Amino acid sequence: MDNPKDNQIKDNRYLSLKVQKLTQAIYLVTSLITDNEPIKWRLREEALDILSDMALSHDHHISPLYQLPGLETVLLKVNHLLSFLDVSLAANFVSEMNLTLLKKEYFILKQSLEEKVRENNVSQLLEISPDSQISPKLTPNLEPYFLANQSSQREKKQAEYLK
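First things first, this report covers the structure right here in the doc. (Residues numbered from 1 in each chain as written. Predicted model: local features only at pLDDT ≥ 70, side-chain atom pairs only at ≥ 80, totals over all residues. Heavy atoms only, no water.)

With that settled, the discussion passes to the overall build of the protein chain. For the protein chain, the count of helices and strands is six helices and two strands. For the protein chain, long-range pairs separated by at least 24 residues make up 67% of all intrachain contacts whose partners lie at least 6 apart in sequence. Total accessible area on the protein chain is roughly 10500 Å²; 57% of this is exposed by carbon and sulfur atoms. (Helix = DSSP H or I, 4+ residues; strand = E, 2+ residues; numbered from the N terminus. Contact = heavy atoms within 4.5 Å. Areas by Shrake-Rupley, 256 points an atom, 1.4 Å probe, with all protein chains shown as cover.)

Quick look at the structure:
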C-alpha cells in the first residue's frame with residue numbers, strides 16, 4: 001500500500017515539473033513575438049511567477065498552513081496567464097496551434113491545482129482531536145506568508161488589508 005505522504009511528494013514533483021516545462025514552452029512561443037510588444041514580457045513574467053510560487057508552495061520546510069495560500073496564488077496567476085494567452089490568440093501574435101496547446105496544458109494544470117486546493121482545504125479546516133471528535137481549526141495567521149512573498153506594491157497593499 002502506498003504511503004499518502006509519498007504520493008503527495010510524487011504529485012508535487014509532477015506539478016513542479018509540469019510548471020517548469022510550461023514555462024519553457026512560454027519562452028519558446030514568445031520568442032516569436034517582437035520585443036516591443038508588452039504581452040511578450042507579461043506572459044514570461046507571469047510564467048516565471050507561477051514557477052517561483054509553485055516552488056514555494058511545495059517547500060517542505062514551510063508549514064502546510066502556509067502552502068495553501070501559495071497554491072491559491074498560483075491559481076490566480078494561472079488565470080491571469082490564460083487571459084494573456086487569449087489576448088495573444090486574438091491579436092494573432094503567434095500561431096493558433098501553439099497558443100491552443102499552451103492554453104490546454106495550463107487549463108489542465110489549473111484543474112489539478114484546484115483539486116489540490118480543495119483537498120488541502122478539507123484536511124486543513126478540520127482536525128481530529130484526541131477524543132476523536134472533529135473540531136474546526138482556527139484560521140492561521142497568514143502575515144508571515146505575505147511578508148515573505150511580497151514582490152510588488154500590490155501585494156504589500158493586500159498584506160496591509162489582511163492585517
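By the element assignment, Thr23 lies in helix α1 (residues 4-30). Accessibility expressed as a relative area gives 6% for Thr23, which makes it buried. A polar contact is formed between the side chain of Thr23 and the backbone oxygen of Val19, at a distance of 2.8 Å. Setting aside its immediate chain neighbours within four residues, Thr23 contacts Ala47, Leu48, Leu51 and Tyr106. (Buried < 20%, exposed > 50% of the residue type's maximum accessible area, 1.4 Å probe, protein only. Polar contact = N/O pair within 3.5 Å; in protein donor to acceptor, adjacent residues only side chain to side chain.)

On to the nonpolar core. Counting residues in hydrophobic clusters, the biggest one holds 26 residues, and the most contacted among them are Tyr106 and Leu113. Of all elements in the fold, only α1, α2 (38-57), α3 (64-90) and α4 (96-125) reach the threshold of two or more residues within this core. The element best represented in this core is α3, accounting for eight residues. Apart from the residues lying within four places of it in its own chain, the contact partners of Leu113 are Leu15, Met54, Leu71, Val74, Leu75 and Val78. (Core = buried A, V, L, I, M, F, W, Y, C linked by side-chain atoms within 4.5 Å.)

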